[in-house]
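The residues making up each chain are set out below.
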Amino acid sequence: MANKLTHLKELESESVYVLREVAAQFERPAILFSGGKDSIVVTHLAYKAFYPAKIPFPLVHIDTGHNFQETLDYRDALVQKLGVRLIVGSVQESIDTGRVKEEKGYNASRNRLQTTTLLDTIEKYKFDACIGGARRDEEKARAKERFFSHRDEFGQWNPKNQRPELWNIFNGKKNMGEHFRVFPISNWTEMDVWQYIYQEQIELPSIYFTHERRCFFRDGQWLAAEPCMKLKPDEEVVTQRVRCRTIGDISCTGLTLSEAHSLEEIIGEIAATRVTERGGRADDKRSETSMEDRKKEGYF
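These remarks concern the structure in this document. (Residues numbered from 1 in each chain as written. Predicted model: local features only at pLDDT ≥ 70, side-chain atom pairs only at ≥ 80, totals over all residues. Heavy atoms only, no water.)

Counting its secondary structure elements, the protein contains 8 helices and 10 strands. The C-alpha radius of gyration of the protein comes to 19 Å, within 12% of the 19 Å expected for a compact globule of 300 residues. Looking at the protein as a whole, 54% of its 300 residues qualify as buried. Long-range contacts, defined here as pairs at least 24 residues apart, represent 74% of the contacts in the protein between residues at least 6 apart. Carbon and sulfur atoms make up 49% of the accessible area of the protein, which totals about 14400 Å². Of the side chains in the protein, 45 bear a positive and 47 a negative charge, and the two mean positions are spaced by 3 Å. (Helix = DSSP H or I, 4+ residues; strand = E, 2+ residues; numbered from the N terminus. Rg over C-alpha atoms; globule rule 2.2 N^0.38 Å. Buried < 20%, exposed > 50% of the residue type's maximum accessible area, 1.4 Å probe, protein only. Contact = heavy atoms within 4.5 Å. Areas by Shrake-Rupley, 256 points an atom, 1.4 Å probe, with all protein chains shown as cover. Lys, Arg positive; Asp, Glu negative; His and termini not counted. Charge placed at Lys NZ, Arg CZ, Asp CG, Glu CD.)

Here we take up the pairing of strand 9 (residues 238-244). When strand 7 (residues 211-218) meets strand 9, the two strands line up antiparallel, connected through 5 bridges. Paired with R213 across the bridge in strand 9 is Q240. When strand 9 meets strand 10 (residues 255-257), the two strands line up antiparallel, connected through 3 bridges. Looking at strand 10, one finds that C244 is bridged to L255. (Pairing = 2+ DSSP bridges.)

Here helix 2 (residues 37-50) crosses helix 6 (residues 190-200) at 55°, and the two axes come no closer than 11 Å. In terms of their interaxial angle, helix 2 and helix 6 are classed as oblique. Judged by the sense of rotation from one axis to the other, the crossing of helix 2 with helix 6 is left-handed. Touching K37, D38, V41, H44, L45 and K48 of helix 2 are E190, V193, W194, Y196, I197 and E200, all from helix 6. Residue composition of the contact of helix 2 with helix 6, grouped by class: 6 nonpolar, 1 polar and 5 charged. (Axes fitted to C-alpha atoms, helices over the stretch in contact; angles between N-to-C directions. Parallel < 35°, antiparallel > 145°, perpendicular 65-115°, else oblique. Left-handed = near helix turned anticlockwise from the far one by under 90°. Nonpolar A, V, L, I, M, F, W, Y, C, P; charged D, E, K, R; others polar.)

A separate point is the packing of aromatic side chains. Summed over all chains, the structure comprises 12 aromatic pairs. Pairing Y17 with F170 gives two aromatic rings, centres 6.0 Å apart and planes at 45°, and the pair type is tilted. Residue Y17 is found in helix 1 (residues 6-25), and its partner F170 is found in the loop between strand 5 (148-151) and strand 6 (179-182); the two are separated by 153 residues along the sequence. Its relative accessible area of 36% is what places Y17 among the partly exposed residues. Judged by relative accessible area, which is 6%, F170 ranks as buried. (Phe/Tyr/Trp six-rings, centres within 6.5 Å; stacked < 30°, edge-to-face > 60°.)

A side chain with one charge can pair with a side chain of the opposite charge if their charged atoms come near. On inspection of all chains with the given rule, the structure shows 18 salt bridges. With a closest N to O distance of 2.7 Å, E70 and R213 form a salt bridge. Note that E70 is positioned in helix 3 (residues 69-82) and R213 in strand 7, a separation of 143 residues in sequence. Looking at R213, the relative accessible area reads 8%, which means it is buried. (Salt bridge = Lys/Arg side-chain N within 4 Å of Asp/Glu carboxyl O.)

On to the sheet that holds strand 3 (residues 86-90), then. Ordered by their spatial adjacency, 6 strands build an open sheet running 3-2-1-4-6-5, and the pairing between neighbours is mixed. Of all the strands in the sheet, just strand 3 and strand 5 have a single pairing partner and so form its edges. On average, adjacent strands in this sheet sit at an angle of 30° to one another, irrespective of strand direction. Where strand 5 and strand 6 come together, 4 bridges link them in antiparallel fashion. Across the sheet, residue F148 finds its bridge partner in strand 6, namely V182. The strands that helix 2 touches are strand 1 (29-32), strand 2 (59-63) and strand 4 (129-131); relative to strand 1, the one it contacts most, it runs at about 140°.

Here we come to the environment of P56. Counting through the fold element by element, P56 comes out in the loop between helix 2 and strand 2. On a C-alpha basis, the gap between P56 and P29 in space is 8.4 Å, while along the polypeptide they are 27 residues apart.

Following both chains from N to C, one finds helix 1 and helix 6 inclined at 95°, their axes separated by 10 Å at the closest point. Between helix 1 and helix 6, the angle falls in the class roughly perpendicular. Seen from helix 1, the contacting residues are H7, L8, K9, L11 and E12; seen from helix 6, they are D192, Q195, Y196, Q199 and E200. Here the contact of helix 1 with helix 6 is built from residues that sort into 3 nonpolar, 3 polar and 4 charged.

Structure (structure tokens):
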């Protein structure tokens, strides 16, 4: 299979080039690590880009306090395996210190609150480049991003004022207090990511594969019935065979009914589906421009 998927080698080479450019141009870069498949692939690419040396960037995880335990367990095991530094920004700490106000009600989520915690973490550690796993095929706002995406001194993104990237020449110049978000797998698709994970045999959190979980149905999607979720009177908790297609805060991560127990079965499932990857993310359904609005504020 590896010989047939030559496009994966091209994508890998492009991403490795971007990561090495980050190391060359910036003084304090970091990888934004969510525990999702895309940030895992970016971390794997960084491992390959600088091998046999260790990854020269710390992993930064913004912990909402409402993460899947499987994701946190995977994160800790990966950090120990790679011998990299882990920095955790706590949304709960941001709430406790009055930096943000927690939402209330049935649709409450800590997802948007991550923005303030992320910007505070960037400021605290003086990161000048934050590497993320966003891809242009995910969502219309992310399709507007460059590889090197400039953020002003307030961490904000202006989609109408971006730098050209002709012939893969990246301009990382910035003023004091500004930083960049960098997206090495911008040109990858969801299928590319899964095929690359299969080709490289990259280990993933167990919730990406079919398992039994207590969940409930709301607004056209299944959600995990965890303590942080407030159920409406007419919502019933049932046990279903599900898996996560994309992983985020529990409050906004939709679950997919599935019987995919292996990478091959997941690839087959993705090839046949007509639902987009982020079609199960409740946070994208708050408004027509929800993702772009959040990105302008400093979101991932």
